[in-house]
Amino acid sequence: MRQETSMRLGRGVVVAVGLLGCGGAELDSVDAMGSVGQEIVGGVEARPGSHPWIVSLQNNGSHFCGGSLVRIGAREESNIVLTAAHCVADGPPDTVVAGAHQLTRPVAGQVSVRVKRVVSHPNYNSDTTMNDIAVLQLASPIKFNSSLAGGCGQSPQMRPNLTSELASGLAIGPVCLPAAGEQVADNTMATSAGWGLTREGGYDTSDLLMQVGVPTVNAQQLARMYSSQGIHIDSQAMLGAGYAQGGKDSCQGDSGGPLVIKGARGYTLQGVTSFGVGCARPGLPGVYARVSNYIPWIRQQLSLYGS
Ligand code: ARG
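Sequence positions are assigned chain by chain, starting from 1 and proceeding in written order. Only residues with pLDDT of at least 70 are given local features in this predicted model, and only at 80 or more are side-chain atom pairs given and counted; all residues enter the totals for whole chains, interfaces and linings. Calculation of side-chain values draws on the structure's entire complement of heavy atoms; hydrogens and water are dropped beforehand.

Topic: the confidence of the model for the protein chain
Stage number 1. Looking at any residue, its pLDDT shows the predictor's confidence there, from 0 to 100. Overall, the prediction assigns the protein chain a mean pLDDT of 85, with 81% of residues at 70 or greater.
Stage number 2. By the convention used here, residues are in contact when the closest approach between their heavy atoms is within 4.5 Å. Here residues 1-42 is modelled with pLDDT under 50, and outside its nearest four sequence neighbours on either side it reaches 161 contacts, counting other chains as well.

Quick word on the state of the cysteines
Stage number 1. Throughout, disulfides are identified as pairs of cysteine sulfur atoms within 2.5 Å of each other. Per the counting criterion, the structure on display carries three disulfides.
Stage number 2. Between the sulfur atoms of cysteine 251 and its disulfide partner cysteine 279 the distance amounts to 2.2 Å. Across the S-S bond of cysteine 251 and cysteine 279 the torsion is about 85°, and the bridge reads as right-handed. A residue pair is termed long-range when its members are at least 10 positions apart, and cysteine 251 in the loop between β12 (238-241) and β13 (258-262) and cysteine 279 in the loop between β14 (267-275) and β15 (286-290) qualify at 28 residues.
Stage number 3. To sort residues, take the accessible area from a 1.4 Å probe on protein chains only and compare it with the maximum for the residue type: under 20% means buried, over 50% means exposed, and anything in between is partly exposed. When its relative accessible area of 5% is taken as the criterion, cysteine 251 is described as buried.
Stage number 4. For cysteine 279, a relative accessible area of 1% translates into the label buried.
Stage number 5. Each bonded cysteine of the protein chain is numbered by sequence order, and under that numbering the disulfide pairs are 1-2, 3-4, 5-6. Secondary structure elements follow DSSP: runs of H or I no shorter than four residues count as helices, runs of E no shorter than two count as strands, and numbering proceeds from the N terminus.

Let's talk about helix α2 (residues 219-227)
Stage number 1. Of the positions making up α2, those classed as buried are Ala219, Leu222, Met225 and Tyr226. For α2, the buried positions fall inside an angular range of 125° around the axis, keeping them on one side. Residues of α2 that are exposed and point over 90 degrees away from its buried face: Gln220 and Arg224.
Stage number 2. The inward-facing, buried residues of α2 abut β11 (210-217), β12, β14 and β15.
Stage number 3. Its side-chain oxygen 3.0 Å from the backbone nitrogen of glutamine 220, asparagine 218 forms the N-cap of α2. This arc is taken over the directions from the axis of the helix to the C-beta atoms. Polar contacts, as counted here, are pairs of nitrogen or oxygen atoms within 3.5 Å of one another; within protein the pair requires one atom able to donate a hydrogen and one able to accept it, and residues that are adjacent in sequence qualify only if both atoms are side-chain atoms.

Section: the nonpolar core
Across soluble globular proteins, nonpolar side chains have a tendency to be buried as a group.
Stage number 1. The biggest cluster of nonpolar side chains holds 55 residues, and the ones touching the most others in it are Leu57, Val96, Leu177, Tyr226, Leu269 and Ile298.
Stage number 2. Look past the residues within four positions of leucine 177 in its chain and what remains in contact with it is Val70, Leu82, Arg265, Thr268, Leu269, Val291, Ile295, Ile298, Arg299 and Leu302.
Stage number 3. Grouped together as the second largest cluster of nonpolar side chains are nine residues, Val214, Ala241, Leu259 and Ile261 included. Here the nonpolar core consists of buried residues drawn from Ala, Val, Leu, Ile, Met, Phe, Trp, Tyr and Cys, with membership extended through side-chain atoms lying within 4.5 Å.

A look at the sheet that holds strand β7 (residues 111-113)
Stage number 1. DSSP bridges decide pairing: two strands pair if at least two such bridges lie between them. The strand order β7-β6-β3-β4-β5-β9-β8 describes an open sheet built from seven strands, whose pairing is antiparallel. Edge positions in the sheet fall to β7 and β8 (115-120), since each of these pairs with one other strand and no more. Adjacent strand axes in the sheet meet at a mean angle of 35° when their direction is disregarded.
Stage number 2. In terms of strand pairing, strand β4 (residues 62-69) meets strand β5 (residues 77-83) through two bridges, oriented antiparallel. Looking at β5, one finds that leucine 69 is bridged to valine 81.
Stage number 3. The sheet strands contacting helix α3 (residues 295-305) are β5, β8 and β9 (134-143), and the helix crosses β8 at an angle near 155°. Axis angles are defined between N-to-C directions and span 0 to 180 degrees, where every axis is a line fitted to C-alpha atoms and, for a helix, only to the segment in contact.

Side note on the pairing of β5
A regular strand places its side chains on the two faces of the sheet in alternate fashion.
Stage number 1. β5 sits mainly inside the fold: six of its seven residues count as buried.
Stage number 2. Where β5 meets β9, six bridges bridge the pair, whose relative direction is antiparallel. Across the sheet, leucine 82 pairs through a bridge with valine 135, a residue of β9.

Focus on the side chain of serine 147
Stage number 1. With respect to the helices, strands and loops of the structure, serine 147 is situated in the loop between β9 and α1 (162-165).
Stage number 2. There is a polar contact of 2.7 Å between the side chain of serine 147 and the side chain of asparagine 145.

What about unusual backbone geometry?
Stage number 1. Of note in the backbone geometry, threonine 129 takes a positive phi value of approximately 60° without being a glycine.
Stage number 2. Residue placement: threonine 129 occurs in the loop between β8 and β9.
Stage number 3. Residue classification places threonine 129 among the buried positions, given a relative accessible area of 2%.
Stage number 4. If you check the backbone angles, asparagine 187 has positive phi at about 65° while not being a glycine.
Stage number 5. Looking at the secondary structure, you find asparagine 187 in the loop between α1 and β10 (189-194).

Section: the packing of aromatic side chains
Stage number 1. Whether two aromatic rings pair depends on their centres lying within 6.5 Å, for rings of Phe, Tyr and Trp, where Trp uses its six-membered ring; planes under 30 degrees apart make the pair stacked, over 60 edge-to-face, and the rest tilted. Applying the stated criterion to the full structure yields two aromatic pairs.
Stage number 2. For the ring pair tryptophan 53 and tyrosine 267, a centre distance of 6.1 Å and an interplane angle of 40° mean the geometry is tilted. Here tryptophan 53 is found in the loop between β2 (43-46) and β3 (54-59), whereas its partner tyrosine 267 is found in strand β14, with 214 residues between them in sequence. We note that tryptophan 53, like tyrosine 267, is buried.
Stage number 3. Each ring, one from tyrosine 226 and one from phenylalanine 275, has its centre 5.9 Å from the other, and the planes form 80°; the classification is edge-to-face. With tyrosine 226 in helix α2 and phenylalanine 275 in strand β14, this residue pair connects regions lying 49 residues apart in the sequence.
Stage number 4. Residue phenylalanine 275 is classed as buried on the basis of its relative accessible area of 5%.

Written out as structure tokens, the structure reads:
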């Protein structure tokens, strides 16, 4: 029994689930992406434009999940978003919003597009949350900001000169994909971002984009931690990130969004936010779909539906 998987969150709408809760997103100080340092119930607001690939999945104007834009070949635009299969199990979102920071204050240049097709992983299992990954084909491609041309995973934190080139909240660009089977070392600092709940028992999803720095967790340890909850962890398919003492985590509404790790080329999407038990609880790190396990499948979807 997974508490957080198939719920859809809307502003002011909370699914009554006992284990709903969140210790709040927070940024680790040094290596994660830049933040403006504003604390919001244990969390930190992302610096506007520092996650150019992040998108908000919305229904009737309400955010319910995140997603990430990926590059299709050498194109400077993309109609493909990666998200969690559980986010789209009940159907496609009506809108995908890119270039956003504060959802209630759309900025010029922010882009909203409709979704043409949802392709969930064929072996997604809603009971076990295995293979919790899906591809969204957008109705029209979203153009990347020209200052992000050519690369992937570029953030103002990594290329400080981008800060002046990118207007607040207007950065749109792709995240890097890992190599197939690429392994992430234990205890590597990763950044999870989203507009999800910012506190235990939170009611509304966050208006501001938040981020949290969390270290990756050893697979055996993760499996042991979750077996106490009666939850099976498949280490090929899942990646854990969080602190043993809890306190920092993704939460409801962050699902589908990115867990990135800074690499040589840029920030790489190593995880898609998938599930947890509550949020930020000690001994129960967040669980992410392990993107490197799905590269052949993702590449296939890109060639089928990318334009
Ligand atoms: N499943 C949740 C969602 O739909 C997010 C899960 C993340 N939970 C966690 N404790 N890390 O938004």
